[in-house]
Amino acid sequence: MAQQQSILVLHGPNLNLLGTREPQHYGADTLASINGKLVGMGEERGIPVECFQSNREYELIERIHATLADGTAYIVINPAAFTHTSVALRDALAGVKKPFVEVHLSNVHAREAFRHHSYFSDLATGVICGLGARGYEYALRFAMDQLQPA
């Protein structure tokens, strides 16, 4: 029996601190509330959504590699600080050849100059930044529409 297509939402380092960390940039939503909303959106459409956060680059890479065998058809990723530093994470995404949307809670282009460069944007299907937690929702809706066109 074929495995059901699912969507993986990946959260990079320090996103476990959402709700308390720099709310002027990242908002007041917690990671748990964001994940709950995303999983619920998937349930409404009948598409499994798994959320995974790690502060460790290698754990994110291992989870991306696992998409080759677990039914993941699309990825939504907020690489957080790894956006600007991680060629290894970029190579993992390129290697598994899964389409993905890059999400950032804050408008990285209105912040420090080092945040303006992403190692992922040129590979991404799309990039959403500056829309807070709703950016995840928009990215997930897009991914679900790619799996189940209206």
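The preceding data block contains the structure.
Here is a short report on the structure shown in this document. (Residues numbered from 1 in each chain as written. Predicted model: local features only at pLDDT ≥ 70, side-chain atom pairs only at ≥ 80, totals over all residues. Heavy atoms only, no water.)

### Focus on the overall build of the chain
And then number 1: Each helix and strand counted, the chain has five helices and five strands in total.
And then number 2: The linear arrangement of helices and strands in the chain, starting from the amino end, is β-α-α-β-α-β-α-β-β-α.
And then number 3: Counting the 150 residues in the chain, one finds 46% classified as buried.
And then number 4: If you take every contact in the chain between residues at least 6 apart in sequence, the share linking residues at least 24 apart comes to 77%.
And then number 5: By element, 53% of the accessible surface of the chain is carried by carbon and sulfur atoms, the whole surface being about 7400 Å². (Helix = DSSP H or I, 4+ residues; strand = E, 2+ residues; numbered from the N terminus. Buried < 20%, exposed > 50% of the residue type's maximum accessible area, 1.4 Å probe, protein only. Contact = heavy atoms within 4.5 Å. Areas by Shrake-Rupley, 256 points an atom, 1.4 Å probe, with all protein chains shown as cover.)

### Considering the packing of aromatic side chains
And then number 1: Summed over the entire model, instances satisfying the criterion amount to one aromatic pair.
And then number 2: Relative to Phe142, the ring of Tyr74 lies with its centre 6.3 Å away and its plane at 75°, an arrangement referred to as edge-to-face. Highlighted residues: Tyr74 in strand 3 (residues 72-78) and Phe142 in helix 5 (residues 134-147), separated in sequence by 68 residues.
And then number 3: Its relative accessible area of 4% is what places Tyr74 among the buried residues.
And then number 4: In this structure Phe142 comes out as partly exposed when scored by relative accessible area, which is 34%. (Phe/Tyr/Trp six-rings, centres within 6.5 Å; stacked < 30°, edge-to-face > 60°.)

### Observations concerning the environment of Tyr138
And then number 1: Inspection of the secondary structure assignment puts Tyr138 in helix 5.
And then number 2: A sequence separation of 10 residues divides Tyr138 from Ile128, and the C-alpha atoms of the two residues are 8.2 Å apart.
And then number 3: Discounting residues that sit within four places of it in the chain, Tyr138 has contacts with Ile128 and Leu131.

### Some remarks on the packing of helix 3 (residues 57-66) against helix 4 (residues 87-96)
And then number 1: Helix 4 packs onto helix 3 with a crossing angle of 5° between their chain directions and a minimal axis gap of 9 Å. As the angle between them shows, helix 3 and helix 4 are arranged roughly parallel. The segment helix 3 lies against helix 4, with Glu57, Leu60, Ile61, Ile64 and His65 engaging Ala88, Leu89, Ala92, Leu93 and Val96.
And then number 2: Classifying every residue of the contact of helix 3 with helix 4 gives eight nonpolar, one polar and one charged. (Axes fitted to C-alpha atoms, helices over the stretch in contact; angles between N-to-C directions. Parallel < 35°, antiparallel > 145°, perpendicular 65-115°, else oblique. Nonpolar A, V, L, I, M, F, W, Y, C, P; charged D, E, K, R; others polar.)

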